Amino acid sequence: QVQLVESGGGLVQPGGSLTLSCVASGLTLDDYVIGWLRQTPGKEREGVSCISRYVGSTYYFDSVKGRFTISRDNAKNTVYLQMSNLKPEDTAVYYCATVRFGRCSRTTTYNHWGQGTQVTVSS
């Protein structure tokens, strides 16, 4: 019943911008810690950003600080990742994920995952 669906990926030039969306069903996102993670083939998934429950405090990993913004729209049960000044190194499949009682940290463990959306940064 729980489903997370990412969208908004695509091809963008270096320095460009893109906004990803994650629509949840079967759960209320405001009750969950929500993370954005990414993965390149052959490598482990790495955290990108995270937003806490209710208050919505945001956290970013060093590689994207100042370039990415995570936000939540409770009315739409949707989480967004606004990406700007994109670099080729940002190319990856991006996933949204949730956990009910976790904390936003580098080692956060999630138990619900979307299928991912491809982001390609290339000229």
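**Description of the overall build of the protein chain**
In terms of regular secondary structure, the protein chain is built from 0 helices and 11 strands. If you list the helices and strands of the protein chain from N to C, you get β-β-β-β-β-β-β-β-β-β-β. The C-alpha atoms of the protein chain give a radius of gyration of 13 Å, which matches the 14 Å a tight globule of 123 residues would have. Counting only C-alpha atoms, the protein chain reaches 40 × 30 × 25 Å along its principal axes. When each of the 123 residues of the protein chain is scored for burial, the buried share is 43%. For the protein chain, the share of sequence-separated contacts (at least 6 apart) that also reach a separation of at least 24 residues comes to 58%.

**Some points on the packing of aromatic side chains**
In this description, a pair of aromatic rings is defined by centroid distance and the angle of the planes. All told, the structure shown has 2 aromatic pairs when counted by the stated rule. The interplanar angle of 80° and the centroid separation of 6.3 Å between the aromatic rings of Tyr95 and Trp113 together place this pair among those described as edge-to-face. Residue Tyr95 is located in strand β9 (residues 92–99), and its partner Trp113 is located in strand β10 (residues 112–113); the two are separated by 18 residues in the primary sequence. By relative accessible area, Tyr95 is classed as buried at 11%. When the centroid spacing of 6.1 Å and the interplanar angle of 80° are considered together, the rings of Tyr110 and Trp113 count as edge-to-face. The exposure class assigned to Trp113 is partly exposed, which follows from its relative accessible area of 32%. In this structure an aromatic cluster arises from ring pairing among Tyr95, Tyr110 and Trp113.

**Examining the state of the cysteines**
Counted under the stated rule, the structure contains 2 disulfides. Paired through a disulfide, Cys22 and Cys96 show a sulfur-sulfur distance of 1.9 Å. Residues Cys22 and Cys96 share a disulfide whose torsion about the S-S bond is about 60°; that sign makes it right-handed. Here the residue Cys22 occupies a position in strand β3 (residues 18–25), and Cys96 occupies one in strand β9, the gap between them amounting to 74 residues. For the pair Cys22 and Cys96, one class covers both residues: buried.

**Topic: unusual backbone geometry**
Notably, Tyr54 is not glycine yet its phi reads approximately 60°, a positive angle. Examined against the element boundaries, Tyr54 turns out to sit in the loop between β5 (46–51) and β6 (58–60). On the basis of relative accessible area, Tyr54 is assigned to the partly exposed category, the value being 44%. Positive phi is not limited to glycine here, since Asn85 has a value of about 45°. Summarising the element assignment, Asn85 is placed in the loop between β8 (78–83) and β9.

Thresholds, definitions, all that
Residues numbered from 1 in each chain as written. Predicted model: local features only at pLDDT ≥ 70, side-chain atom pairs only at ≥ 80, totals over all residues. Heavy atoms only, no water. Helix = DSSP H or I, 4+ residues; strand = E, 2+ residues; numbered from the N terminus. Rg over C-alpha atoms; globule rule 2.2 N^0.38 Å. Buried < 20%, exposed > 50% of the residue type's maximum accessible area, 1.4 Å probe, protein only. Contact = heavy atoms within 4.5 Å. Phe/Tyr/Trp six-rings, centres within 6.5 Å; stacked < 30°, edge-to-face > 60°. Disulfide = S-S within 2.5 Å.

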